[in-house]
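Architecture and fold: a report
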Amino acid sequence: MPKIPAALLFTAIYVTAFSQGNAVVFGRLTDQSGDVIAGANISLLNNNSIGTISDSSGKYQLTVPSGKNLQFVFSFIGFKADTIEMALKPNQRKELNVTLYAGISLPPVEISENEAVRNEAGGAVIEIKSAEYIPTPFSDFTAILAQAGASGTNELSSSYSVRGGNFDENLVYVNDFEVYRPFLIRSGQQEGLSFINTHLVSSAYFSTGGFQSKYGDKMSSVLDVQYKKPQDFKGSLELGLLGGSLHVEGADKKNKFTYLLGVRQKSSQYLLKSLDTRGEYSPAFTDIQSYITYKLNSRTDFDWITNFAMNRFHFKPVDRETTFGVVNNVLRLTMYFDGGEKDAYRTFMTGFGVNQRLNKHLGFKWLASVYRSVESEAFDIIGEYWLDEVESDFSSQNFGQTRYSLGVGTQHEYVRNDLEALVAAGGYKGYYLNDAHKVRWGLNYQHEIIEDRINEWERLDSAGYSLPYNTEQVLISSVLKSKINLSSNRISAYLQDTWSFGSDDRLSFTCGVRLTWWDVNKEWVASPRIQFSYRPITERDIVFRAATGIYAQPPFYREMRDLNGNVNTNLKAQKSLHAVMGFDWNFKAWERKFKFVTEVYYKYLWNLVPYEFDNVLIRYFGENVAEGYAAGVDFRLHGELVEDAESWVSLSLLSTQEDIEDDYFNVYYDADGNRIYLGSGDEESITDTVTVHPGFISRPTDQRVRFNLFFQDYLPKLKTFKVHLNLVFASGLPFGPPDQQRYNDVLRIPFYRRVDIGFSARLFDKTKKELPPKNFFRHFESIWATLEIYNLLGVNNTVSYLWVKDINNTVYAVPNYLTNRRINFRIIFKV
């Protein structure tokens, strides 16, 4: 055996010992447009001996000591420096991809925090890393908005409510293009995939109110999503019992050309079989998206986004059995059906943008987009029902069986609706940024064509009599027929400026105004908006913020069509005045980072168009006849309750009401002061009539309390096995009989209570194991398996009601329940 020189042996021991105490940080640096930054400096704060620079592709790698709190500084001339603090374990490899923003250097901030958003009341950067782990039936991106205050109580729908506003009051952008969803969908069962594909998202901004003038004209919220600009080839394949998805992304060697492609398929048949109504469900929802960018030179680049969605829902009901009521008065509705339903919602969207950066201060973006929707609904369903009282005495041998029948009847629903919509838009956005001001402006033109054909009616038969009862003819309880062709043009523009004052820019203001005009109602609307933030001089990382402004919502087709199918072309914009105050606090606990946000808000609303919910379909009254308010407080806390596993908890308290003009009802009394109800047969005894003006009543979105918890954990010595828990508790929404009288909507749906849980395990990780060249798994970075249990507690949550009458003409509200407990399995391949 050859003798090893002592010096060589000492060197080997020293290198080995030193390497075991080190860690490696690596990644890539890009600017806010996704272009790589070569020659950027990466170093440790207060330690000039350790550092490196990014190469021609923006990549870097830095070896650093482990077990210490280190501050990494990323800087480049003409960009704001970013700093992040972390401690790494021995031999750990940590990937940090950093985006630098043009401007002067600012005090160190964490790279995960967008300081501009922290200064906006109501604004939040959405933590998207957890989106794929939230146990929801269709991995819908909107589920993650609960961390910022959005409210949804229907697992079959991607719609959500924000601070008392309905879904139509929310703006949604993807890469600066406004996106829409089909108009005719009336239930969660019919609803397909939401526009946003979680696998394609790089960042998301969400504001629950008080947002800046650069965003459009809606009364509640804005969701601004940015799709990725890939730097390397990656992909994923997901397969499960409720469908699957495929996505690929990549770029050329010089990062001039990038591409994203996503395909999703959703089949809710397995989930819908847990509903009370049994039958042949044949849903099929398919979505294809692409996002392509091309960098012509250092100053000009192009981006192109497309989306095609084909949503089909066929249903042939067979029967239904629903048990409801209280312990001492249990009722059961049994229905048998004939007929079926066939719906199709086809949408196409494409948008093209040109970005031009004249210099480091001035830039523009030109936008053009087209949205096309072709929708059809066809119902012809006859349901015969039996309403019975059920034996509820546990000691009776007939427990759970029918005691006696309360009534029989027939419900016949017929629908033949067709709608075609075209929305074409063109716009221009510009900005000028310097040390003192950030000025932004924009101009947009939009052309809309709506062609709607409505033909629907409903016939009710109770105890052998068609309702409403008439001795001479058969009457239909409700009829809606119309043909509508509407072509219109809109123009909107905005101008805003952001500037800071004081040492370290601790005081910030943003002032702006929007102008809109619509050629149908000839209405000009001006919307001034102001945001304010203050960072006090303290050791705590706190930002106080406030916002106020006018948020007008010019009518779209949905608001213009009243309950009888008529279109009101004189409808004016609904308007709201927002006042938001709160604070944002970043702090550490257990050596981990947390964020606590609380905000109080008040919204004064006028020119409102009242509406009612029909499951998820919003039916408007078509007139500006109400004023109201929304007031509440939100609390949000998120951070790593468990290291390397983001969790959050939120609590929202809300009250929103409206007062409808000339809204009243009469109360009748006999000579003895007893109240008499019309239709009771005692009308001839009426001696006194009192007119009642109900005043303020709850809006359909008046959800007083909402609590949401998302928690992640893993086995202490096996991080590859994780658990994800999602809990929602929400008070019930108002509802009432289908009489088109809002003052009767004084009842409340029961509390929404739902617990979903998921278990995920990493079956394979390429970085942990060397594979031979011919091994099949060498093509994958990782393979994950997930087992999810939806509605773990099996709670019967109610989404709406079916109204039926018994032989005594008494009306009963029969709950339409949401899905019951279901188990889903998914496997995810990533390359």
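Use the structure listed above.
Now for a quick tour of the structure.

What counts, and where the lines are drawn
- Residues numbered from 1 in each chain as written.
- Predicted model: local features only at pLDDT ≥ 70, side-chain atom pairs only at ≥ 80, totals over all residues.
- Heavy atoms only, no water.
- Patch = residues over 30% accessible without salt bridge, like charges linked within 9 Å, V, L, I, M, F, W, Y side chains within 5 Å.
- Areas by Shrake-Rupley, 256 points an atom, 1.4 Å probe, with all protein chains shown as cover.
- Salt bridge = Lys/Arg side-chain N within 4 Å of Asp/Glu carboxyl O.
- Helix = DSSP H or I, 4+ residues; strand = E, 2+ residues; numbered from the N terminus.
- Buried < 20%, exposed > 50% of the residue type's maximum accessible area, 1.4 Å probe, protein only.
- Pairing = 2+ DSSP bridges.
- Core = buried A, V, L, I, M, F, W, Y, C linked by side-chain atoms within 4.5 Å.

A cluster of nonpolar residues, Leu241, Leu787, Ile823 and Phe825, forms a patch on the protein surface that exposes about 350 Å² of accessible area. Structurally, the position occupied by Phe825 is in strand β46 (residues 822-830).

It is worth spelling out unusual backbone geometry at this point. Of all residues except glycine, most have a negative phi; of all peptide bonds, most are trans. Notably, Asn607 is not glycine yet its phi reads approximately 60°, a positive angle. Tracing the sequence through the fold places Asn607 in strand β29 (residues 592-608). The residue Asn791 is not glycine, and still its phi comes out positive at about 50°. Of the residues examined, Asn791 reaches a relative accessible area of 0% and is grouped as buried.

Here strand β14 (residues 234-240) pairs with β46 via five bridges, running antiparallel. If you follow Leu237 over to β46, its bridge partner there is Phe829. Relative to β46, strand β43 (residues 782-790) is paired through nine bridges, and the arrangement is antiparallel. In the sheet register, Thr786 faces β46, and the bridge partner there is Arg826.

Quick look at the pairing of strand β42 (residues 752-765) now. The element β42 is largely enclosed, with a buried count of ten among its 14 residues. Where strand β39 (residues 718-730) lies against β42, ten bridges are found, and the strand directions are antiparallel. Looking at β42, one finds that Asn726 is bridged to Asp756. In this sheet, β43 lies alongside β42 in antiparallel orientation, the contact comprising eight bridges. Counted as the bridge partner of Arg762 is Trp784 from β43.

In space, the three strands of this open sheet follow the order β35-β34-β36, with antiparallel pairing throughout. What marks the edges here is a single partner per strand, and that holds for β35 (675-676) and β36 (688-692). Sheet topology places strand β34 (residues 665-669) next to β35; two bridges connect them, and they run antiparallel. When the bridges of β35 are listed, Tyr669 appears paired with Arg675.

This brings us to the pattern of salt bridges. This structure, assessed with the given rule, holds 40 salt bridges. Measuring nitrogen to oxygen at the nearest pair gives 3.3 Å for the salt bridge that ties Arg186 to Glu456. Of the two residues, Arg186 sits in the loop between β11 (177-178) and β12 (201-207) while Glu456 sits in strand β22 (residues 437-462), which places them 270 residues apart along the sequence. Judged by relative accessible area, Glu456 falls into the buried class, the value being 12%. Across the pair Arg748 and Asp702 runs a salt bridge, and its minimum N-O distance is 2.7 Å. With Arg748 in strand β41 (residues 747-748) and Asp702 in the loop between β37 (696-698) and β38 (705-715), the pair connects residues that are 46 residues apart, well separated along the chain.

It is worth spelling out the nonpolar core at this point. Tyr160, Ile196, Phe206, Leu223, Val225 and Tyr227 are the most contacted members of the largest nonpolar core, which totals 54 residues. Listed in part, the 21 residues of the second largest apolar core include Leu44, Tyr60, Val98 and Leu100.

Turning our attention to the sheet that holds strand β10 (residues 170-174). Pairing is mixed in the open sheet, where five strands are placed in the order β9-β12-β13-β10-β11. Edge positions in the sheet fall to β9 (123-125) and β11, since each of these pairs with one other strand and no more. Bridge analysis of β9 against β12 gives three bridges, and the strand direction is antiparallel. Looking at the pairing, Ala124 lines up with Phe206 of β12.

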